[in-house]
Number of protein chains: 2
Amino acid sequence: MSRQDNEAYGALAETFQRIGVMTDVLGLLEWDQATLMPEGSAGGRAEQMATLGVMRHEMLTAPAVADLLAAAGDAADASWEAANITRMRHMHAHATAVPSDLVAAQTKAAAACEMRWRTARKENDFAGLLPSLREVLRLARETGVAKGEALGLSPYDALLDGFEPDARTAQIDPIFADLADFLPDFLGAVLERQAALPPPLEPKGPFPHGVQQDVAHRLMARLGFDFERGRLDVSAHPFCGGASDDVRITTRYSDDGFLPGLMGVLHETGHAMYEAGLPADWRYQPVGAALGMAMHESQSLIVEMQACRTREFVGFVAPILAAAFGDDAAWETDNLHRFYSWVKPDFIRVDADEVTYPAHVILRTRLEQALIADDLDLGDLPGAWNDGMGALLGITPPDDTLGCLQDIHWPSGAWGYFPTYTLGAMAAAQLFAAANAAVADITPGIGRGDFEPMMGWLRANVHGHGSRLTADDLLRQATGRPLDPKAFQTHLKSRYLA
Amino acid sequence: MSRQDNEAYGALAETFQRIGVMTDVLGLLEWDQATLMPEGSAGGRAEQMATLGVMRHEMLTAPAVADLLAAAGDAADASWEAANITRMRHMHAHATAVPSDLVAAQTKAAAACEMRWRTARKENDFAGLLPSLREVLRLARETGVAKGEALGLSPYDALLDGFEPDARTAQIDPIFADLADFLPDFLGAVLERQAALPPPLEPKGPFPHGVQQDVAHRLMARLGFDFERGRLDVSAHPFCGGASDDVRITTRYSDDGFLPGLMGVLHETGHAMYEAGLPADWRYQPVGAALGMAMHESQSLIVEMQACRTREFVGFVAPILAAAFGDDAAWETDNLHRFYSWVKPDFIRVDADEVTYPAHVILRTRLEQALIADDLDLGDLPGAWNDGMGALLGITPPDDTLGCLQDIHWPSGAWGYFPTYTLGAMAAAQLFAAANAAVADITPGIGRGDFEPMMGWLRANVHGHGSRLTADDLLRQATGRPLDPKAFQTHLKSRYLA
């Protein structure tokens, strides 16, 4: 870079450092709100988060930032600095594309619709939700159009790009079409094979929360979670949040079963290891942050689905669970493995197994694409939903509560988010296969409860890159090819049909 | 106000709203750091707090704020708006008076000195602390000079004014002189009378932390603490923090005794009730915030010292403690009251009883005045300290650990803070007497564990005013006269000699 570029870069780095620190503070406020904030403090917390959010937006969209980004030039080299400028431009483009009154209208409409949705879901009342959801959709579409004009993308791709930079419908559609072709027959074969197996015994419990938490702490430590720079707490919905060098994950413990709590912890620990492994030298800078939601999900799923549902991990964890929760034939390794990997098409996405989950995502992706493009009227959503469930999974929801009312995403304004779940699952399969090919001890290590071989490879090939590379370039470097749906299908076949 | 004034006022209110919200966020980050932040996250937290602190300082000192404050004119009326502008000018004057490199040097020197102090106190090594404490003192003096020039005050008064607006040496010195005259003879009389009493039995325990916490929650609820808008947690040093509508107090529980934990909770709950009772209509504005540290301390002490060491309160709490911690002759009300109000001159301020505490404060106030004025060389502090203890309390510390090394204030850069403790104690006595004169049921209520009569009076006469009035004007309205040292002396006589 020239001297002038350097000055511009330095000034940008200073501004984005502040923006990064504010993002950390917002992460801590969100964590606090979800875990231990007194209920009556919600109004004050909303004020704090809105104020910091607006300030961050103002910093990002200040005219000086546009000038500096223009002055920073086009260093097309492979340096971290060049990648940092690319990430700055991406953040700046998204932030400046949408007029602030549209942002405000969206925030307000989404807050109201989310409230309405809680009741509508409970009461199976899609008609009651429709007016406010229409408004949220209208504003999402308007946002997509505004961002699309600024970024040279279709409205849907512009929304998707906000969650997963560089992901495009043109890439996703064929991948999802391929998967949608593959799944029904594959599912049939899995169910047929499964019918010949004894159904798994379900561990009986009781599952005291304190014991679940002890087990969670032990497994997190095995995964490499650093309790000197992070915490595990309880919240209604598990998440990974907090701040740089202070990664806080949450879970919830059920009285009835240990699996949701345990899998939640393993999943969020995967997210946490990504955050903890980001390049410390680039802390607070855009290039030092995680890639989009798909790569993040790949890191939670590589732990939860790839590593921790292997026969090896189940063999390692079964005696720990037996010692923690008491004698039960269900803890026998073969049974527990079968319990872990039982497949059953059902209506609710968040409860879905690994095989049927993608069908839920493909359905939602197709529907939200059609809704944003105005090819589907929102009033026709319940019918389209149920048709899709029939085609993809062969089941039809008995009502909208078990159908199109189940997810918070659309009411809360998150349009273009859904595909990242399955993109993440596919990337996880591809990365896990490549990791095992590169390091022979990864799966044996998992069998000993030693995750360091896997985490070492992930730090070097994923975490440590921050967002220096695009997702496809990262996959190319790490696995030899861009996202390849066959890796996921190979994984499913080897786990469920071998 | 004129139309132009109104515009200026509106713009100022908007800026100070943001500043107020950031103060809340900083309060929450501090609370989190003290209660549950993982140790390894300290570096990140320092970065977050420094960034928000600098941003708040920049907002406050922006040239536009000076222009707006000039344009806002001099509305000398008694409106909240006029008082708000006065408080804005006060904050602005303090923030702009000190060049930012001096602020930075001070922060750095204090952080280093505080670290050094932890070792020096442990090792009784005043000489080892001296160089870094000299630097902190030099910078404090420089700050006092800079603020003094801007505010038209002496350097010490300028520092004091940062903790307690409008407090002045010229007012404090005669008050403290009067108290210093009163105390030695009074203390002699108290000790003489006490010698004729049976020494109190000390409750034996054990005092399980969970039980202490249950008792704390019950008493906090009695005091009116709203757990829907606040929390009680544990930290190394008890404090009242958090944010508006989210008041978080902390305590620590000792295995050996219930009194420190209990009194800590009552003290911090007094602070919390002040915060919770501030005028909601003026939330985030300077006028909606609490008055200085002296009035804040008066609200903790009116609970801890005035209300909760009465014979009536002890009669109420004794059976609760007996039920919680098990049979013990020490829980008998007369004994517990004697235990609560036993006087013993000793070296450590934070462990001091109500009678000897002011002597500790007077000593520190005189010493820090002399050090800031350069009338006392820092190298002569240990001797001056020990002479003062002899004169005021008749005891001489055997070493500096029990003498001039005991407090964190000076090493951490808090010069001009000490007098607020005793100003608060005196205000508490004056307010409690006036409250009881105005509302007959206050002390009987306390005997029933019903604090509403007292809190109602405090909300109307103290909390609800925010910082609309000066401390003296508030006392004048509430008690009929400005701060009057006789009220405190009357209280001491009636409690300890009656």
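None of these values were measured; they are calculated from a predicted model.

Draft legend 1. Main features of the overall build of chain A. Within chain A, the regular secondary structure consists of 20 helices and three strands. Within chain A, the fraction of its 498 residues that count as buried is 43%. Taking as baseline every contact in chain A between residues at least 6 positions apart, the subset at least 24 positions apart corresponds to 70%.

Draft legend 2. Layout of the sheet that holds strand 1 (residues 230–234) of chain B. Residue and element names in this part refer to chain B. Spatially, the three strands line up as an open sheet ordered 1-3-2, and their pairing is mixed. The sheet is open, and its two borders are formed by strand 1 and strand 2 (240–243), each paired with just one other strand. For this sheet, the mean inter-axis angle between neighbouring strands, taken without regard to orientation, is 25°. Inspection of the sheet shows strand 1 paired to strand 3 (residues 246–251) by five bridges, in the parallel sense. Considered in strand 3, the bridge of G230 is made with V247.

Draft legend 3. The arrangement of the domain arrangement of chain A in detail. All names here are of chain A. Entries for chain A in the domain assignment read domain 1 (1–97) and domain 2 (165–498). Between the C-alpha centres of domain 1 and domain 2 the distance comes to 29 Å. Domain 1 puts 19 residues into the contact, and the matching count from domain 2 is 18 residues. Those elements giving two or more residues to the side of domain 1 that touches domain 2 turn out to be helix 1 (3–35) and helix 4 (80–97). Tallied by class, the residues present in the side of domain 1 that touches domain 2 amount to 10 nonpolar, six polar and three charged.

Draft legend 4. Layout of the sheet that holds strand 3 (residues 246–251) of chain A. Residues and elements named next belong to chain A. Strand order in the open sheet formed by three strands is 1-3-2, with mixed pairing between adjacent strands. If you trace the sheet from one side to the other, it starts and ends with strand 1 (230–234) and strand 2 (240–243), each paired once. If you compare each strand with its neighbour and ignore which way they point, the axes differ by 25° on average.

Draft legend 5. Structural view of the relation of the copies chain A and chain B. Expressed as a screw transformation, the operator carrying chain A onto chain B has a rotation angle of 180° and an axial translation of 0.0 Å, and the superposed copies differ by an RMSD of 0.0 Å. Overall, the copies show the geometry of a two-fold rotation axis.

Draft legend 6. Seen up close, the nonpolar core. If you look at the biggest cluster of nonpolar residues, it comprises 104 residues, and the most contacted ones within it are V136, A425, M426, A427, A428, L431 and M454 of chain B. By residue number, the principal contributor to this core is helix 16 (residues 419–438) of chain B, which donates 10 residues. Filtering out sequence-adjacent residues up to four positions away, L431 of chain B remains in contact with S298, I302, V462, A478 and T479 of chain B. By size, the runner-up hydrophobic cluster in this structure holds 103 residues, among which are L262, A272, L378 and M389 of chain A.

Draft legend 7. Region of interest: the interface of chain A and chain B. With 28 residues of chain A at the interface, the matching set in chain B holds 28 residues. Contributing elements (two or more residues each) for the side of chain A that touches chain B: helix 1, helix 2 (42–61) and strand 1 of chain A. The class makeup of the residues in the side of chain A that touches chain B is nine nonpolar, eight polar and 11 charged.

Draft legend 8. Structural context of the packing of helix 14 (residues 357–372) of chain A against helix 15 (residues 381–393) of chain A. Residue and element names in this part refer to chain A. Two elements in contact, helix 14 and helix 15, have axes separated by 10 Å at closest approach and are oriented at 145°. In the crossing of helix 14 with helix 15, the sense of the turn from one axis to the other is right-handed. Listed contacts from helix 15 to A359, I362, L363, R366 and L367 of helix 14 are L381, A384, W385, G388, M389, L392 and L393. Residue composition of the contact of helix 14 with helix 15, grouped by class: 10 nonpolar, one polar and one charged.

Draft legend 9. How the structure looks around the packing of helix 9 (residues 209–223) of chain B against helix 10 (residues 259–276) of chain B. Residues and elements named next belong to chain B. Where helix 9 meets helix 10, the closest approach of the two axes is 10 Å, and the angle between their N-to-C directions is 30°. The pairing of helix 9 with helix 10 is recorded here as roughly parallel in orientation. Crossing geometry of helix 9 relative to helix 10 is assigned as right-handed. Between helix 9 and helix 10, the residues in contact are Q212, V215, A216, L219, M220 and L223 and G261, L262, V265, L266, T269 and M273, respectively. Among the residues forming the contact of helix 9 with helix 10, the class breakdown is nine nonpolar, three polar and no charged.

Draft legend 10. Examining the pairing of strand 3 of chain A more closely. All names here are of chain A. The buried fraction of strand 3 amounts to six of the six residues, a majority that puts the element mostly inside the structure. Residues D246, R248 and T250 line one face of strand 3 and the alternating positions V247, I249 and T251 line the opposite face, and both faces are buried. In textbook terms, the turn of a hairpin is the stretch between consecutive antiparallel strands, and for strand 2 and strand 3 this stretch comprises two residues, one of which, D245, has a positive phi near 60°.

Draft legend 11. Structural context of helix 9 of chain B. Residue and element names in this part refer to chain B. Here helix 9 is 15 residues long and its end C-alpha atoms lie 21 Å apart, about the 21 Å a rise of 1.5 Å per residue gives. All of the buried residues in helix 9 are Q212, V215, A216, L219, M220 and L223. Projection of helix 9 onto a plane perpendicular to its axis shows the buried side chains occupying an angular sector of 135°, all on one side. One or two residues past the end of helix 9 sits G224, with phi positive at roughly 100°.

Draft legend 12. Here's a closer look at the environment of M220 of chain B. Residue and element names in this part refer to chain B. The residue M220 is located in helix 9 in this model. C-alpha separation for the pair M220 and W80, spaced 140 residues apart in sequence, amounts to 31 Å. Contact partners of M220, with chain neighbours within four places excluded, come to F225, L232, V265 and T269.

Draft legend 13. Quick look at unusual backbone geometry. All names here are of chain A. Of the consecutive residues G205 and P206, the connecting peptide bond is found in the cis state with omega at 5°. Examined against the element boundaries, P206 turns out to sit in the loop between helix 8 (169–195) and helix 9 (209–223). If you check the backbone angles, D166 has positive phi at about 75° while not being a glycine. A count of 15 C-beta atoms within 10 Å places D166 in the partly exposed class.

Draft legend 14. How the structure looks around the environment of M49 of chain A. All names here are of chain A. With respect to the helices and strands, M49 occurs in helix 2. On the basis of neighbour counts, which here come to 17 C-beta atoms within 10 Å, the residue M49 falls in the partly exposed class. Considered as a pair, M49 and V25 are 24 residues apart in the sequence and their alpha carbons are 9.2 Å apart. Beyond its immediate sequence surroundings of up to four residues, M49 is in contact with L26 and L29.

About the thresholds
Residues numbered from 1 in each chain as written. Chains lettered and ligands numbered in written order. Predicted model: local features only at pLDDT ≥ 70, side-chain atom pairs only at ≥ 80, totals over all residues. Helix = DSSP H or I, 4+ residues; strand = E, 2+ residues; numbered from the N terminus. Buried ≥ 20, exposed ≤ 12 C-beta atoms within 10 Å, placed from the backbone. Contact = placed C-beta atoms within 7 Å. Pairing = 2+ DSSP bridges. Axes fitted to C-alpha atoms, helices over the stretch in contact; angles between N-to-C directions. Domains from an automatic or database assignment. Nonpolar A, V, L, I, M, F, W, Y, C, P; charged D, E, K, R; others polar. Least-squares fit on C-alpha atoms with pLDDT ≥ 70 in both. Core = buried A, V, L, I, M, F, W, Y, C linked by C-beta atoms within 7 Å. Left-handed = near helix turned anticlockwise from the far one by under 90°. Parallel < 35°, antiparallel > 145°, perpendicular 65-115°, else oblique. Expected span 1.5 Å × (residues − 1). Arc of directions from axis to C-beta.

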